[in-house]
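# A closer look at the structure
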Amino acid sequence: MTVVPQKVTRTRTFLSLAGIVLLAALSGRVLAQQNAAAPTAAPPPQVTFNRDVAPILYRSCARCHRPGEAGPFSLLTYPDAKSHARQIAALTKSRFMPPWLPAEGALKFADELRLSEDEITRIQAWVEQGTAEGNPADLPPKPSVVEGWQLGKPDVIVTATKPYALPASGSDNYWNFVFRTPVDRSRWLKAMEIRPGDKRLVHHANVLVDRQQNGRRLESEPGAGFGGMELTIESEAFDPDSHFLFWKPGSIPYAEPDGMALRLGKDTDLILNTHLQPSGKPETIQPTLGLYFTDKPATKHPILLQLENDRLLDIPPGEKHFVVTDEFTLPVDVDLLAIYPHAHYLGKDLQAIAKFPDGRSETLIHIPDWNLNWQAVYRYSQPVKLAKGTAISMKFVYDNSDDNVRNPNSPPQRVAAGNRAVDEMAHLWLQVLPASAADAKTDPRAEILEAMTRHNLQKNPEDFEAHYNLAALLMRRGEVEKAIAQFAEANRIRPNEPTVNNAYGAALLATGQTEESIPHLTAALNERPDYFDARYNLGNALASLGDFRGALAQFQAAVRINPEDANAEANLGSAFAEIGDTKQARLHYLRALQLNPNHELAKENLQQLSGNPSPH
Amino acid sequence: MVALCLGAAPFISAVPQGFASDLDGKPFDPFRAAQGKVVVLIFVRTDCPVSNRYAPAIQQLSAKNAGKAVFFLIYPSKRETADSIRKHDREFGYRLAALRDPQHILVKESQAQITPEAAVFDANRRLVYHGRIDNLYEDFGHARKSATTHELADAIEAAIAGKKLTANATPAVGCYISDLE
């Protein structure tokens, strides 16, 4: 009779995204009252607030040091500045303020907050000379402030369902808020303003795009949120989360250029990963997101590359200079847009270098004194061209001795890779836009991802995610036999992973290894009974073997899980037809056609049932 | 009973010219009020995030030494009003007597330079310790997960027991008191 249509299930890739960090409080250290360092350049005869200092504060400090922002006090007026003059002099001299970790290099970042030597010298001179106010005519206009939403009224505003209660005391705290399906259809997101709540408590926040609602499964009750510093998000292959959605104090919301919008599906959740610091009194945090949409769909598809070598992280107690490296060679030309180095509290010196095919090299970023509390995504002021064959290398140095006051263990303990604040990480994320040739037959993103997964397997042949992702890439290319070998490896490493069991079963089914597919599809369902794709695939497998009653049960279950799927309805109709219940068969074919009026197999089968063989 | 409601307690002559005051604006001498107990002065500022973060620890330490040492919060800023201090203390759960010291009488006697900074005086009004509360902050941006040394607690214990301290001053990390002028 009819052929049951087979649908190979969607496959997924696992991206472990680092979300992370921070806290730093404004502090000063009293040494001696006299200021030892003489200014290196001769200052003007009299340094004044109005002429010399206000322009520095307005440009580099006022973004946070104004009412309602993250700075603990304002620096907009002469009395404000005078009241904190010694603090300003000490903290700018030590370069603790403004917070900017990267050393000055040939490549420039957008919104660099670093003060020049001359600016620092001017502030020192102003304080040493007695903090004169100067001529009012010299005072520049106050920095303009956009009140409320920085990019105008958002198209959609979502607020966390439940506030989080932050205790008055204790160490750093990491909390994740899950924002549910803020759209009723697929939309293109061009910008997002993250309002984390009290900016003095939130040192930084990251938004992760969760297309599979992984975050919800971690909540004790809907909307409650969940704790944890680092998250692993499962995402569909070839729609990798390609954008950094990052907030730190002073962040200015950023609109993606045309063609680089982020797809937000109907069932997409947004997870806000926040790093909070107790203030001394109990606080509640209830963040809000403002979403801005565009009608222009994405035509450019940046991806996030990850260099890492967590496997080498096994740092003995007392070790002051533990080095972790990784190197990846680009298989295609790319534009590097942004970079995000990430380590925890033992990280000391973080560096990334590009070695070009012609032998030249360039420092992509160098952070000589890493401070997790000020971590950030750094966006280049101009895209950095990296040609095919360029080797990107990372070198991270860790200090697990008592000399590192941020060491979470006292006395120091052996530290390995992990998601907790007391564990370590060695991650370097790069947002790149692959250049695609007009005649390109392959998606350059797929080439990069394949090179990346093969690189990961070289580093670690037991890398579960790499085996799985490589299998998904091979499936996409139609190389099913090779994909099956990779699925088998992933399945060997994590036998109970439902996503792998389903995809592995689907691949076996696609090559006619029906009997072999059934144990994997069954295992997927044992682990996750409401797994629609696995129900559907198992129904197809049983139908292929002639077990139509078994198939019927699976399709019925599939339709209960997802009543909107035309294929499942059509197959349910076919299963009824096979056991002779034409009335039910007709009903489900009609339902399939309701869901998709162009469903050819449902049409065809319905005609057959009615005794009118299809013209095909 | 700690005599916090002495009203117009006359300041004693050992205090340099000027005086600290309670939040009603009346001159107030913490040493007289302590009636011979150990006196702990904690210098704080409402807009200093470092001293604010210490609020729970300060409150706990005073509760632990109740009856043996008397704690006072000292606000050295001219700009901070009695109302803003009351509001701040309520928010942060402080139940200690708060004094304003805009003329820096207690600041000078305690050799305090930073908020938060502590000063411990023995029963004879001798300054036996001044400096940081503990080593949570090592420097700007260099904070430990939790403190590993507790200088103030050690100093109070020694002062109560009448023992000599090995170190009677450690630099504090926080906001400069001198900036207030």
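Residues numbered from 1 in each chain as written. Chains lettered and ligands numbered in written order. Predicted model: local features only at pLDDT ≥ 70, side-chain atom pairs only at ≥ 80, totals over all residues.

## Points about the overall build of chain B
Along the backbone of chain B there are six helices and ten strands. Looking at chain B residue by residue over its 181 residues, the buried ones come to 50%. Of the contacts made within chain B by residues no fewer than 6 positions apart, 70% connect residues no fewer than 24 positions apart. (Helix = DSSP H or I, 4+ residues; strand = E, 2+ residues; numbered from the N terminus. Buried ≥ 20, exposed ≤ 12 C-beta atoms within 10 Å, placed from the backbone. Contact = placed C-beta atoms within 7 Å.)

## Topic: the overall build of chain A
Helix and strand counts for chain A stand at 14 helices and 23 strands. Every one of the 616 residues in chain A was classed for burial, and the buried ones make up 48%. The contacts of chain A with a sequence gap of at least 6 include a subset with a gap of at least 24, amounting to 76%.

## Some details on the sheet that holds strand 21 (residues 391-398) of chain A
Residue and element names in this part refer to chain A. Read from one edge of the open sheet, four strands run 16-21-18-19, paired in antiparallel fashion. Pairing within the sheet leaves two strands with one partner each, and these edge strands are strand 16 (322-329) and strand 19 (361-367). Sheet twist, expressed as the mean angle between neighbouring strand axes with direction ignored, is 15°. The sheet contact formed by strand 18 (residues 347-355) and strand 19 spans six bridges and is antiparallel. Among the inter-strand pairings, Lys 355 is bridged to a residue of strand 19, identified as Ser 361. (Pairing = 2+ DSSP bridges. Axes fitted to C-alpha atoms, helices over the stretch in contact; angles between N-to-C directions.)

## Quick look at the domain arrangement of chain A
All names here are of chain A. Structurally, chain A comprises domain 1 (49-138), domain 2 (148-294) and domain 3 (307-436). For domain 2 and domain 3, the distance between their C-alpha centroids amounts to 24 Å. Tallying the contact residues gives ten residues for domain 2 and ten residues for domain 3. Grouping the constituent residues of the side of domain 2 that touches domain 3 by class yields three nonpolar, four polar and three charged. (Domains from an automatic or database assignment. Nonpolar A, V, L, I, M, F, W, Y, C, P; charged D, E, K, R; others polar.)

## Focus: the pairing of strand 11 (residues 269-276) of chain A
All names here are of chain A. Among the eight residues that make up strand 11, eight are buried, leaving the element largely enclosed by the rest of the structure. In terms of strand pairing, strand 4 (residues 173-179) meets strand 11 through seven bridges, oriented antiparallel. Bridging from a neighbouring strand, Asn 176 pairs with Asn 273 of strand 11. Both strand 6 (residues 202-210) and strand 11 contribute to a ladder of eight bridges, which runs antiparallel. In the strand pairing of strand 11, Ala 205 is matched with Thr 274.

## Points about the packing of helix 9 (residues 514-527) of chain A against helix 10 (residues 532-544) of chain A
Residue and element names in this part refer to chain A. Two elements in contact, helix 9 and helix 10, have axes separated by 9 Å at closest approach and are oriented at 150°. As judged from the angle between their axes, helix 9 and helix 10 are roughly antiparallel. Helix 9 and helix 10 meet at a crossing whose hand is left-handed. In this structure, helix 9 uses Thr 514, Ser 517, Ile 518, Leu 521, Thr 522, Ala 524 and Leu 525 to contact helix 10, whose residues at the interface are Ala 534, Arg 535, Asn 537, Leu 538, Ala 541 and Ser 544. (Parallel < 35°, antiparallel > 145°, perpendicular 65-115°, else oblique. Left-handed = near helix turned anticlockwise from the far one by under 90°.)

## Brief notes about the packing of helix 6 (residues 464-477) of chain A against helix 7 (residues 480-493) of chain A
Residues and elements named next belong to chain A. Where helix 6 meets helix 7, the closest approach of the two axes is 8 Å, and the angle between their N-to-C directions is 160°. Our classification of the angle between helix 6 and helix 7 gives roughly antiparallel. Relative to helix 7, helix 6 is oriented so that their crossing is left-handed. Contacts between helix 6 and helix 7 involve Phe 464, His 467, Tyr 468, Leu 470, Ala 471, Leu 474 and Met 475 on the former and, on the latter, Val 480, Lys 482, Ala 483, Gln 486, Phe 487, Glu 489, Ala 490 and Ile 493. Partitioned by chemical class, the residues of the contact of helix 6 with helix 7 number eleven nonpolar, two polar and two charged.

## Considerations on the interface of chain B and chain A
Opposite the 35 residues of chain B that make contact, chain A presents 31 residues. Breaking the side of chain B that touches chain A down by element, the ones donating at least two residues are helix 2 (49-53), helix 3 (55-64), strand 7 (137-139), strand 8 (142-143) and strand 10 (175-176) of chain B. The leading source of residues in the side of chain B that touches chain A is helix 2 of chain B, at four residues.

## Remarks on the environment of Thr 161 of chain A
Secondary-structure assignment places Thr 161 of chain A in the loop between strand 2 (156-159) and strand 3 (164-166). Along the backbone, Thr 161 of chain A and Leu 457 of chain A are 296 residues apart, and their C-alpha atoms lie at a distance of 41 Å.

## Observations concerning the sheet that holds strand 2 of chain A
Paired through their backbone hydrogen bonds, the strands of a sheet run either parallel or antiparallel. Residues and elements named next belong to chain A. If you trace the four strands from one edge of the open sheet to the other, you get 2-13-5-10, paired in antiparallel fashion. Both edges of this open sheet fall to strand 2 and strand 10 (262-264), since each of them pairs with a single strand only. Sheet twist, expressed as the mean angle between neighbouring strand axes with direction ignored, is 45°. Looking at chain direction, strand 5 (residues 187-195) and strand 10 are connected through three bridges and run antiparallel. Along strand 10, the bridge assignment pairs Arg 187 with Leu 264.

## Quick notes on unusual backbone geometry
Trans is the common state for peptide bonds, and a negative phi is the common state for residues other than glycine. The omega angle of the peptide bond from Ser 410 of chain A to Pro 411 of chain A is 0°, so this bond is cis rather than trans. Among the structural elements, Pro 411 of chain A can be located in the loop between strand 21 and strand 22 (415-416). Note the cis peptide between Thr 115 of chain B and Pro 116 of chain B, where omega equals 0°. Relative to the assigned elements, Pro 116 of chain B resides in the loop between strand 4 (114-115) and strand 5 (117-121).

## What to know about the nonpolar core
Residues and elements named next belong to chain A. Counting 135 residues, the largest nonpolar core has Met 192, Ala 471, Phe 487 and Ala 507 as the members making the most contacts within it. For this core, the element with the highest residue contribution is helix 6, accounting for eight residues. In this view, Ala 471 contacts Ala 483, Gln 486, Phe 487 and Ala 490; residues no more than four positions away in its chain are not counted. (Core = buried A, V, L, I, M, F, W, Y, C linked by C-beta atoms within 7 Å.)

## So, helix 4 (residues 117-128) of chain A
Residue and element names in this part refer to chain A. Over its twelve residues, helix 4 extends 17 Å from the first C-alpha to the last, a length consistent with the 16 Å expected when each residue adds 1.5 Å. Every buried residue belonging to helix 4 is among Ile 120, Thr 121, Arg 122, Ile 123, Gln 124, Ala 125, Trp 126 and Val 127, and all of these are buried. Turning to helix 4, the residues buried within the fold contact helix 1 (49-60) and helix 3 (85-93). Gly 130 lies just past helix 4 and shows a positive phi near 105°. (Expected span 1.5 Å × (residues − 1).)

## Some thoughts on the pairing of strand 4 of chain A
All names here are of chain A. For strand 4, the tally of buried residues reaches six of seven residues, placing the bulk of the element in the interior. The pairing of strand 4 with strand 7 (residues 226-227) spans two bridges and is classified as antiparallel. Bridging from a neighbouring strand, Trp 175 pairs with Gly 227 of strand 7.

## A few points about helix 6 of chain A
Residue and element names in this part refer to chain A. An ideal rise of 1.5 Å per residue puts 20 Å on 14 residues; helix 6 measures up with 20 Å between its terminal C-alpha atoms. For helix 6, the buried fraction is high: ten of the 14 residues fall into the buried class. Regarding helix 6, the residues found buried are Ala 466, His 467, Tyr 468, Asn 469, Leu 470, Ala 471, Ala 472, Leu 473, Leu 474 and Met 475. Directly beyond the C-terminal end of helix 6, a positive phi value near 85° is found at Gly 478.

## Points about the environment of Arg 95 of chain B
All names here are of chain B. With respect to the element layout, Arg 95 can be found in the loop between helix 4 (82-91) and strand 3 (97-100). With 10 C-beta atoms counted inside 10 Å, the residue Arg 95 sits in the exposed group. In sequence terms Arg 95 and Ala 112 are 17 residues apart; their C-alpha atoms lie 22 Å from each other.

## What about the confidence of the model for chain B?
All names here are of chain B. With 89% of its residues at a pLDDT of 70 or more, chain B shows a mean pLDDT of 87. Within the model, pLDDT remains below 50 along residues 1-16, and this stretch shows 24 contacts once partners closer than five positions in the same chain are excluded. Here the predicted complex carries an ipTM of 0.81, next to a pTM of 0.81. (pLDDT = per-residue confidence, 0-100.)

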